[in-house]
Amino acid sequence: MDDQVLKSHDETARDILRANDRGGYTVPTAGLYPYQWNWDSVFAAMGFATFDRDRAWRELETLFDAQWPDGMVPHIVFRADEPSYFPGPSVWQANKGPLPSSGISQPPVAATVIRLLADLDPGRAERLFDPLDRWHRWFHAARDPDGIGVIAITHPWESGRDNLPDWDKPGDAIDVSGVGAYTRRDTSLVDNDQRPKKKDYDRYLALVQFGVDRGWDPARIAAETPFFVADPGITAILLRAERDLRAMAQTFGRDTAEIDARIARLEAGHERLWNAQAKAYVSRDTRTGELAPWATSASFLPLYAGVTARKAALLETLDGFAGAVRFTVPSFDPRSDLFDPLRYWRGPVWAMMNWMIADGLARCGEDTRAARIRSDTAKLIRQSGFAEYFGPVGAEPCGGGGFSWTAAIWLAWGLSDTKEGPC
Ligand code: DGY
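What counts and what doesn't
- Residues numbered from 1 in each chain as written.
- Predicted model: local features only at pLDDT ≥ 70, side-chain atom pairs only at ≥ 80, totals over all residues.
- Heavy atoms only, no water.
- Phe/Tyr/Trp six-rings, centres within 6.5 Å; stacked < 30°, edge-to-face > 60°.
- Buried < 20%, exposed > 50% of the residue type's maximum accessible area, 1.4 Å probe, protein only.
- Near = heavy atom within 4 Å.
- Polar contact = N/O pair within 3.5 Å; in protein donor to acceptor, adjacent residues only side chain to side chain.
- Areas by Shrake-Rupley, 256 points an atom, 1.4 Å probe, with all protein chains shown as cover.
- Nonpolar A, V, L, I, M, F, W, Y, C, P; charged D, E, K, R; others polar.
- pLDDT = per-residue confidence, 0-100.
- Helix = DSSP H or I, 4+ residues; strand = E, 2+ residues; numbered from the N terminus.
- Axes fitted to C-alpha atoms, helices over the stretch in contact; angles between N-to-C directions.
- Parallel < 35°, antiparallel > 145°, perpendicular 65-115°, else oblique.
- Left-handed = near helix turned anticlockwise from the far one by under 90°.
- Contact = heavy atoms within 4.5 Å.
- Salt bridge = Lys/Arg side-chain N within 4 Å of Asp/Glu carboxyl O.

Chemist: Go over the packing of aromatic side chains with me, naming the residues and quoting the values.
Modeler: Tallied over the entire structure, the rule returns 32 aromatic pairs. Ring centres of F48 and F51 lie 5.6 Å apart, and the angle between their planes is 40°; this geometry places the pair in the tilted category. The class of F48 is buried, set by a relative accessible area of 2%. Taking the relative accessible area as the measure of exposure, F51 reaches 26% and is therefore partly exposed.

Structure representation (structure tokens):
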């Protein structure tokens with residue numbers, strides 16, 4: 001009998017994290033993503049913490065080893081040159097940190113996870129406090145330079161939700177005429193229909209070139225880029241992270257005044273992203289002031305950030321999503337014409353988004369809805385393995401396989417206690 005059949009899901013999940021371990025940092029999956037990615041790494045630490053605490057802390061510490069002098073923690077850390085990934089370090093030319101890296105950041109989930117793990121080793125948590133504080137401060141200065149309380153992304157990759165329909169229209173302003181010829185590697189590893197289109201990649205590369213041309217200076221980028229889009233995902237994740245940082249500040253006897261001011265700004269800023277028609281927090285193109293007309297899975301993250309003023313309307317939208325698919329939570333509104341069930345962030349379900357959304361629901365007393373999301377996540381993984389993302393209708397395993405954050409969420413969420421059996 002096949003060994004895999006005999007292995008429990010817990011064992012398989014642990015084996016995935018071990019196999020993706022490159023010595024102190026974890027790749028999201030071999031081949032497709034052969035470097036250390038920021039939020040992938042933080043979720044991987046949650047998984048490691050269930051069976052190897054030291055390794056969990058190492059994961060977080062190695063991520064902060066790449067922090068730039070201005071406080072930014074990059075979205076990719078390039079410790080080697082891997083031909084299976086494009087665009088690599090020679091394209092990014094972002095040499096402002098202690099290690100080769102990309103020139104943008106990613107959703108700052110780290111403070112939340114470090115707070116969760118802090119009891120295991122308060123000393124190691126405290127050593128990461130100042131780096132976290134500097135990173136959060138950087139987000140406010142670099143991505144909200146006018147101090148309006150919403151965090152903008154300067155590249156779709158910065159949101160972590162690369163080809164979301166939200167970036168389509170703001171992206172029309174990006175000049176792709178200088179991009180030239182290039183060879184993608186992702187589509188030789190994953191089905192084309194599950195990845196962003198060429199039009200998206202042209203924009204991704206044009207924005208990388210834009211950053212290179214400005215020496216990755218965040219002030220120049222914020223002032224000059226055509227793509228500066230306020231994102232409800234990164235804004236809510238930062239707000240939650242600020243609250244967790246504040247709790248750690250109290251534990252460690254630090255002053256909280258500056259963190260309090262940042263929290264107040266982000267709480268107020270959320271209202272700017274409210275779209276009453278869509279009944280959701282949505283992205284806003286800061287160049288035109290236009291709100292996205294639809295909800296996405298990030299629309300529910302304000303609950304994870306403790307913003308509950310619009311809870312009833314958000315639940316109605318969430319129920320609308322849930323009623324249109326078999327497995328929650330699709331990354332994009334399944335009732336929209338642009339819903340594309342297998343194409344990356346235009347429809348599929350992502351385990352780590354589910355963890356954050358369900359955490360937010362549970363925090364505001366919505367235990368039944370949180371339980372459905374947790375159980376759907378377990379069903380998807382039981383049925384289709386530890387894929388990068390899943391089809392919300394047919395449970396198809398999509399993107400890369402043996403995926404670190406899917407394995408980590410399985411372990412950290414304790415999904416082995418959900419009911420076995422077919423869905
Ligand atoms: C990719 O290469 O697809 C990544 O999402 C970039 O962060």
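Chemist: Describe in detail the site of the ligand, supporting the description with residues and values.
Modeler: Taken together, the residues surrounding the ligand are Y33, W37, H75, Y85, W157, D162, R195, Y201 and Y344. At 2.6 Å, a side-chain N or O of Y85 approaches an oxygen atom of the ligand. At 3.1 Å from an oxygen atom of the ligand is found a side-chain nitrogen or oxygen belonging to Y344. When the ligand is considered free in solution it has 230 Å² of accessible area, and contact with the protein chains removes 95% of it. In terms of residue class, the shell around the ligand is built from six nonpolar, one polar and two charged.

Chemist: Give me the lowdown on the confidence of the model for the protein chain, citing residues and values where you can.
Modeler: For the protein chain, the mean per-residue pLDDT works out to 96, and 98% of the residues sit at or above 70. Element-level mean pLDDT values for the protein chain span from 55 in helix α1 (residues 3-6) up to 99 in strand β3 (residues 152-153).

Chemist: Go over the packing of helix α2 (residues 9-20) against helix α20 (residues 404-412) with me, naming the residues and quoting the values.
Modeler: Running from N to C, α2 and α20 cross one another at 140°; their axes reach a closest spacing of 9 Å. If you check the angle between α2 and α20, you find them oblique. The handedness of the crossing between α2 and α20 comes out as left-handed. Contact residues: α2 offers H9, D10, A13, R14, I16, L17 and N20, while α20 offers S404, A407, A408, W410 and L411. The residue makeup of the contact of α2 with α20, split by class, is seven nonpolar, three polar and two charged.

Chemist: Explain the pattern of salt bridges to me, using residue names and the numbers behind them.
Modeler: What the rule picks out here adds up to 38 salt bridges. For the salt bridge of R343 with D340, the shortest nitrogen-to-oxygen distance reads 3.0 Å. According to the relative accessible area criterion, D340 is partly exposed, its value standing at 24%. Salt bridges sharing partners connect three or more residues here, namely R115, R240, D244, D359 and R363.

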